[in-house]
Amino acid sequence: MNRVVLEGVPEARRVEAEELTDAWIGRPLLFLDLEQPVAELSKRSWVAAATARRVVPDTITVRVVARPPVALVVRADKGGELWTIDRGGSFTGPYTGRALSKSDDFVVLSGASDAASLAKGAAFLETLRVDDPGLLARVSDVALVPEGYAVTDRIAQARLLFGPDAAEPRRAAPLWRAFLALRPELDRHALPLAEADLRFAGRIVLKAPGDAGHGKT
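Residues numbered from 1 in each chain as written. Predicted model: local features only at pLDDT ≥ 70, side-chain atom pairs only at ≥ 80, totals over all residues. Heavy atoms only, no water.

Focus on empty space enclosed by the protein
The probe, sized like a water molecule, is rolled over the atoms to show the empty space still left. Here the structure, examined in full by the defined rule, presents one cavity of 30 Å³ or more. Approximately 30 Å³ is the volume attributed to the largest cavity. Lining the largest cavity are Phe 124, Thr 127, Leu 128, Asp 131, Ala 166, Arg 171, Ala 172 and Ala 173. Contributing elements (two or more residues each) for the lining of the largest cavity: helix H3 (115–131) and helix H5 (172–188). For the lining of the largest cavity, the per-class residue count stands at five nonpolar, one polar and two charged. (1 Å grid on protein atoms, 1.4 Å probe; cavity = no way out; pocket = protein on both sides within 12 Å on 5 of 7 lines; lining within 4 Å. Points joined across faces, edges and corners; volume = space filled by probe spheres on them. Helix = DSSP H or I, 4+ residues; strand = E, 2+ residues; numbered from the N terminus. Nonpolar A, V, L, I, M, F, W, Y, C, P; charged D, E, K, R; others polar.)

Structural data, given as structure tokens:
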């Protein structure tokens, strides 16, 4: 066997996949163990599914279904390049500005400086996707801040602050919906709004543009 074909592997993960499959090269095709390398590949955080098949006379084709990218991150270690991350917070590759699929509309994640914070930001987005996809569609960017998560609602044109527990199921979405239900009243009374603090149960703290104080409940 002298050829391995990788299908569906993100470019940024190709070396990682090749480390598991290169051992097949130069060995008899019919006697190779395909299950163990594929099982190891399937354990990777960026892999949703992986399979391998022999193609006579000399090829193994490995097909990977990668977890889809969910956000964009600026990588200082790559000269400020934009990279995509998947729902586990793993980098999937540089963002070229071209759509990866028809539904691409990536959130920009900032304030994430290590793998743990990337996973934290991705977990928030994944929870929001499951709990309320309509709210996720309103997000333009998410910043990890000491207080939790600062989310920009591009439709409401407001910055929403959620607590550290916002990545837990059914935490952020009900608070956000409560804010949206209140928003028409703010508009009706011509109340300016720059930020809404949603960290408190049963209470929404509003801040107007230029308001450096504690805001109004």
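Next comes the rest of the description.
Quick notes on the sheet that holds strand E10 (residues 158–162)
Pairing is mixed across the open sheet formed by nine strands, whose spatial order is E6-E5-E4-E7-E8-E9-E10-E11-E12. The open sheet is flanked by strand E6 (91–94) and strand E12 (203–207), the only strands paired with a single partner. The mean inter-strand angle of the sheet, taken between neighbouring strand axes irrespective of direction, is 25°. Sheet topology note: the strand E8 (residues 139–145)/strand E9 (residues 148–153) ladder contains six bridges and is antiparallel. Residue pairing in the sheet places Leu 144 in a bridge with Tyr 149 of E9. Its contacts with the sheet place H3 against strand E4 (69–75), strand E5 (81–86), E6, strand E7 (107–110), E8, E9 and E10, and it is angled at close to 140° to E8. Packing against the sheet, H5 makes contact with E8, E9, E10, strand E11 (195–200) and E12, and its axis sits at approximately 145° to E10. (Pairing = 2+ DSSP bridges. Axes fitted to C-alpha atoms, helices over the stretch in contact; angles between N-to-C directions. Contact = heavy atoms within 4.5 Å.)

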